[in-house]
Amino acid sequence: EVQLVESGGGLVQAGGSLRLSCAGSGFTFDDYAVGWFRQVPGKERESVACIGSSDGEKYYANSVKGRFTISSDNARNTVYLQMDSLKPEDTAVYYCAADYGCPTGESTYWGQGTQVTVSS
């Protein structure tokens, strides 16, 4: 069974940093692209970043480019999202997802989410 578990969320002041982890089981990250999404109440889930399965190509939403960094440790089946210079508008539930290409809202495999709250 494919499972994804996020961790690392919490409460941080604006300008601070957090590192989120997405641990996978039941599959090998070598074969999947993994992406990070976030969602706030009343809004659609938003793609934040993605790392490709085969070439490790990285993609970022413009809103986080230069502040967030996605990375992977395939031996541990874990993908990370380093979040620096956090802003209150980054507050959301953050999810990771896996698919053969960069995940979309239609992708099958999702984690349970981890809350990130950035205070002013």
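Note that residues are indexed from 1 along each chain, following the sequence as it is written. In keeping with the model being predicted, local features are shown solely for residues with a pLDDT of at least 70 and side-chain atom pairs are shown and tallied solely at 80 or more, while totals for entire chains, interfaces and linings include all residues. Hydrogens are left out, water is left out, and the side-chain values use all remaining heavy atoms of the structure.

**Q** Can you help me understand the overall build of the protein chain in this one?
**A** Secondary structure counts use DSSP, requiring at least four H or I residues in a row for a helix and at least two E residues in a row for a strand, with both numbered from the N terminus. If you tally the helices and strands in the protein chain, you get zero helices and eleven strands. Helices and strands appear in the protein chain in the N-to-C order β-β-β-β-β-β-β-β-β-β-β. Throughout this description, buried means an accessible area under 20% of the type-specific maximum (1.4 Å probe, protein chains only), exposed means over 50%, and partly exposed covers the range between. Residues classed as buried in the protein chain amount to 42% of the 120 residues present. Accessible surface, the protein chain as shown: approximately 6200 Å² in total, 44% of it carbon and sulfur. Exposure was quantified through the Shrake-Rupley algorithm and a 1.4 Å probe, taking into account, for residues, occlusion by the shown protein chains and nothing else.

**Q** When you look at the packing of aromatic side chains in this model, what are you seeing that I'm missing?
**A** Remark: the centre distance and the inter-plane angle together describe each pair of aromatic rings, the angle taken between the planes. Pairing of aromatic rings covers Phe, Tyr and the six-membered ring of Trp, with a centre-to-centre limit of 6.5 Å; geometry is then stacked below 30 degrees between planes, edge-to-face above 60, and tilted otherwise. Under the counting rule described, the total for this entry stands at three aromatic pairs. Aromatic rings pair up to connect Phe 27, Tyr 32 and Tyr 100 into one cluster. Remark: a charge is flagged as sitting over a ring if the NZ atom of Lys or the CZ atom of Arg is within 6 Å of the ring centre and within 35 degrees of the ring normal. It is Arg 19 that lies over the ring of Tyr 80; its NZ or CZ is 3.9 Å from the centre.

**Q** Hey, could you run me through unusual backbone geometry in this one?
**A** In terms of backbone geometry, most residues other than glycine have negative phi values and most peptide bonds are trans. The phi dihedral of Asn 77 falls on the positive side, at around 50°, and the residue is not glycine. One non-glycine residue, Ser 85, lies in the positive phi region at around 50°. As for its placement among the helices and strands, Ser 85 is situated in the loop between strand E8 (78–83) and strand E9 (92–99).

**Q** What is the right way to look at the sheet that holds strand E1 (residues 3–7) in this model?
**A** The strands making up a sheet are joined through hydrogen bonds of the backbone, oriented either antiparallel or parallel. Read across the sheet, four strands follow the order E1-E3-E8-E7 without closing on themselves; strand pairing throughout is antiparallel. Of all the strands in the sheet, just E1 and strand E7 (68–73) have a single pairing partner and so form its edges. Between one strand and the next, the sheet's axes are offset by a mean angle of 15°, whatever the strand orientation. The rule for pairing is simple: two strands pair if DSSP sees at least two bridges between them. Inter-axis angles, ranging from 0 to 180 degrees, are taken between N-to-C directions of lines fitted to C-alpha atoms, where helices are fitted over the stretch in contact.

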